[in-house]
Amino acid sequence: MQEGSLLNHQVMEPPEHSPLCDGCSHSTTTFSHGLASHDAAGKGEDTHASHSDGELSGFGIFDGHSGKLAAQACAASLLPSLLSSGFPDEPAVSHSFWEVDESLAWQGVSDGSTATVLLCESAHEGEECVRAMLAWVGDSKAVRVDLTKTSPLTSVRAATRNHSPRCTEEIDSLKTMALVRSRVEAGATLEDALAEHSAPLAGVVEADAKLRLMRRVLERSRRSSELCSSGSESRRNAHIIRRSQPEEKRRATQAARKQPPWVVSTETEFSHPHYRDLQMTRSIGDWLAADLVVPQPDIMTFTVGPHDFERVVLASDGLWDVVSTADVATVCRRSANPQLAADRLLRMAKEAYQRRGVSGFRDDTTILVVDINPSNLPMREAPVTCDEVLGVDCACCTACCSLGDVLSPLLRVLGLEEKAGTKRAPVPLLPTTTQELMIAQESTSRLADT
């Protein structure tokens, strides 16, 4: 594979029987879902997929970078691979991610992609729970929202953690992999080299699993050198730096009093002929980037019981860059179906970009919302929204504002306050759980950024 070029190979398009369509709501045995997306001007690197096989269903978001071929290949092949032999265990999930990554190398695809997938298995006869799994690499985040709760602080059940060069655990993992590789190349056995380091590798803790992972890492590094010898020494680096920029762009960034993002880079200076960088520590593809950026997924397994109703939001960073987890939970709790939730979240992101002086969207934004509701429970009543009471599409209220918060004076004038039912339980002034603290910190950080 020559640097900067692709082999003459047709990358598979997502299968025609399973894609999602903008503005449509779809249903499987237990799961309904909705999609909203917008391509930023000149990009169009996001893609998505769904796949059903009997009682198994899968949904995925793939955010490409430096091109769209890797994301398209992921959308075409990852979900079918994951669900080909029933509901997969964690080793099978990891194998599928690595398999798709390797296929990109042989196809000559040099760009890369995030991958965040949700797998669900309908409850079998005599069972009451839906089995589910989230698996991901990169920074396309997923959030699980409990629709039986009414508070945004308590309704967030879990959120995936981005694989970011700002994350201490990810930095430690890259350092450990580099040290182990050096020790092996110096003559140590892989077992002995790993025994010297207790840090997890790409989230893997158990000794045998770390050994299997490191063998894959070393094999991938070797294959990268074979496929493209030019720049192979640079790809062995994994510098954690602020992005190096051309001089003109660097001056513009400084004039705007901004900082370049943190990246994993092959060299420290943009002027180096083999400089490549990524804003994530794990991805699928990216065979010309740092070769310790690997496709090892993090995995979250969970069940949704007969008294549970979860709404899972998978989205590319075009949403998460400007909308907080708590706001996403609020929109989910106030939307009657997943398609309405997806549409409102997309509108909320657009308004957030506009408040930052961006016309339209700064980045591709794709939002996939999936309901897991084994017993078809009704949603708990949430605070009334302006579009529901007044029959208008009130974009000025950030897609789903509470009338109790924003329109109380108007409601009093119209005599609708009692009808609207705007009384709300008091929100705690201080976070009382780790999850609440995480959401509070995220909201504070976003206010500081703006």
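Residues numbered from 1 in each chain as written. Predicted model: local features only at pLDDT ≥ 70, side-chain atom pairs only at ≥ 80, totals over all residues. Heavy atoms only, no water.

**Student:** Which parts of the structure should I look at to understand the overall build of the protein chain?
**Tutor:** Per the secondary structure count, the protein chain includes 16 helices and 16 strands. Look at the contacts in the protein chain between residues 6 or more apart in sequence, and 71% of them connect residues 24 or more apart. Here the protein chain has roughly 20500 Å² of accessible surface; of this, 50% comes from carbon and sulfur atoms. (Helix = DSSP H or I, 4+ residues; strand = E, 2+ residues; numbered from the N terminus. Contact = heavy atoms within 4.5 Å. Areas by Shrake-Rupley, 256 points an atom, 1.4 Å probe, with all protein chains shown as cover.)

**Student:** What am I meant to see in the packing of aromatic side chains here?
**Tutor:** Think of a pair of aromatic rings as described by two things: how far the centres are apart, and how the planes are tilted against each other in angle. Counted under the stated rule, the structure contains 2 aromatic pairs. Here the guanidinium or amino end of Arg144 rests over the ring plane of Phe302, the centre of that ring lying 3.7 Å away. (Phe/Tyr/Trp six-rings, centres within 6.5 Å; stacked < 30°, edge-to-face > 60°. Lys NZ or Arg CZ within 6 Å of the ring centre and 35° of its normal.)

**Student:** When you look at the sheet that holds strand S10 (residues 239-242) in this model, what are you seeing that I'm missing?
**Tutor:** Strands belonging to one sheet form pairs held by backbone hydrogen bonds; the direction of such a pair is parallel or antiparallel. Pairing is antiparallel across the open sheet formed by 3 strands, whose spatial order is S10-S11-S12. What marks the edges here is a single partner per strand, and that holds for S10 and strand S12 (277-278). Here strand S11 (residues 262-265) pairs with S12 via 2 bridges, running antiparallel. Residue Ser265 lies in a different strand from S12, and its bridge partner there is Asp277. (Pairing = 2+ DSSP bridges.)

**Student:** Is there a simple way to explain the environment of Glu247 in this structure?
**Tutor:** Within the secondary structure, Glu247 is located in helix H8 (residues 247-255). Glu247 gets classed as partly exposed once you look at its relative accessible area, which sits at 40%. C-alpha of Glu247 to C-alpha of Phe270: the two residues are 23 residues apart in sequence and 9.3 Å apart in space. One polar contact links Glu247 to Arg250, side chain to side chain, over a distance of 2.3 Å. (Buried < 20%, exposed > 50% of the residue type's maximum accessible area, 1.4 Å probe, protein only. Polar contact = N/O pair within 3.5 Å; in protein donor to acceptor, adjacent residues only side chain to side chain.)

**Student:** Sorry if this is basic, but what is going on with a positive patch on the surface here?
**Tutor:** A cluster of basic residues, Lys258, Arg355, Arg356 and Arg362, forms a positive patch on the protein surface. As for its placement among the helices and strands, Arg356 is situated in the loop between helix H11 (338-355) and strand S16 (365-372). You can call Arg356 partly exposed: its relative accessible area is 30%. (Patch = residues over 30% accessible without salt bridge, like charges linked within 9 Å, V, L, I, M, F, W, Y side chains within 5 Å. Salt bridge = Lys/Arg side-chain N within 4 Å of Asp/Glu carboxyl O. Lys, Arg positive; Asp, Glu negative; His and termini not counted. Charge placed at Lys NZ, Arg CZ, Asp CG, Glu CD.)

**Student:** Could you clarify how one ought to interpret the side chain of Thr366 in this entry?
**Tutor:** When you line up the elements, Thr366 lands in strand S16. Of the polar contacts made by the side chain of Thr366, one reaches the side chain of Asp46; its length is 3.0 Å. Discounting chain neighbours no more than four positions away, the residues touching Thr366 are Leu35, Ala36, Ser37, Asp46, His48, Ile61, Leu314, Ala315 and Ser316.

**Student:** Just checking my understanding: could you explain the packing of helix H2 (residues 90-107) against helix H6 (residues 207-227) for this structure?
**Tutor:** A packed helix pair is summarised by two numbers, namely the angle formed by the two axes and the spacing between the axes. The interhelical angle for the contact between H2 and H6, taken along N-to-C directions, is 5°, at an axis separation of 11 Å. Taken as axis vectors, H2 and H6 run roughly parallel relative to one another. Across from Ser94, His95, Trp98, Asp101, Glu102, Ala105 and Trp106 in H2, the residues of H6 making contact are Leu213, Arg216, Val217, Arg220, Arg223 and Leu227. In the contact of H2 with H6, the residues fall into 6 nonpolar, 2 polar and 5 charged. (Axes fitted to C-alpha atoms, helices over the stretch in contact; angles between N-to-C directions. Parallel < 35°, antiparallel > 145°, perpendicular 65-115°, else oblique. Nonpolar A, V, L, I, M, F, W, Y, C, P; charged D, E, K, R; others polar.)

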